[in-house]
Amino acid sequence: MKHSFPVAFDGFPAIAIGLVLTVMAAFIHPLAVILPGLLTLFFIYFFRNPKRDGPDMPDCLVSPADGRVMAVSTIDHDPFLESSAVRVSIFLSLTNVHVNRSPMNGRVKQVLYRPGKFLPAFKSHASEINERNTVIIEGDSTTIAVHQITGFIARRIVCDVKPGDLLHQRQRFGMIRFGSCTELILPPGFNVAVREGDKVKGGITVLARKVLSGQPDHPSGD
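Scope of this entry: the structure provided in the associated data block.

Basis of the calculations
Residues numbered from 1 in each chain as written. Predicted model: local features only at pLDDT ≥ 70, side-chain atom pairs only at ≥ 80, totals over all residues. Heavy atoms only, no water. Helix = DSSP H or I, 4+ residues; strand = E, 2+ residues; numbered from the N terminus. Expected span 1.5 Å × (residues − 1). Buried < 20%, exposed > 50% of the residue type's maximum accessible area, 1.4 Å probe, protein only. Contact = heavy atoms within 4.5 Å. Pairing = 2+ DSSP bridges.

For Glu-82, which is not glycine, the phi torsion reads 55° and is therefore positive. As for its position among the elements, Glu-82 is in the loop between β2 (67-78) and β3 (83-92).

A word on helix α2 (residues 34-46). Along its 13 residues, α2 runs 18 Å from first to last C-alpha, staying within 8% of the 18 Å computed at 1.5 Å per residue. Along α2, the positions that sit buried rather than exposed are Pro-36, Gly-37, Thr-40, Phe-43 and Phe-46. Those residues of α2 hidden inside the fold are in contact with α1 (12-28) and β10 (172-176).

Looking down a regular strand, the side chains alternate between one sheet face and the other. Within strand β11 (residues 180-186), seven of the seven residues are buried, which leaves it mostly tucked inside the rest of the structure. Across the two faces of β11 the burial is the same, with Ser-180, Thr-182, Leu-184 and Leu-186 and Cys-181, Glu-183 and Ile-185 all buried. Pairing geometry for β3 and β11, over seven bridges, is antiparallel. In the strand pairing of β11, Arg-87 is matched with Ile-185. The sheet contact formed by strand β7 (residues 143-150) and β11 spans six bridges and is antiparallel. Its bridge partner being in β11, Thr-150 is matched across the sheet by Ser-180.

In structure tokens:
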């Protein structure tokens, strides 16, 4: 399956351009290959697609992306879940893996694209203004939304799924090129397991756990 390849297929055009430039530079002067060679290595590094396996965790939502938690905030009414919700915002730097992964097992209910601006992804209002793609995933008893948000450098959102597709927990469903923000929107009934400033890994870090009977609900992660 293409999603298991160690380099994301979405990066192949950029890598190919880098290789062509490197070969052309070699005909000019041996030292001329340094810059295009480094650029090619950066593209290979940026588009890396590490394997992220593990057991199913039906009571947990894993991170949809690598990066740093910018904020954990409550939403009075989320239009995608049609209920109150908690938003976990993750900032991805240029050095982070940019592959997006499904936080849980489920079926893609909707994929909604919204054009927008390209403000720096770490700005608090970028989610409401920037170009954004939303994937709504419906599980047995839980519906969540994942926002793929562009940033100042990120100029293209890649989404490989469509309504009706089945996703397994940790499965790759897309990526955002060159710096971005990914948000997980989850409904009531979960304890958030991360705080602002925490570093997370897509498909590995548990962002939230279902509240079991008799447990208090801490939506803010406190």
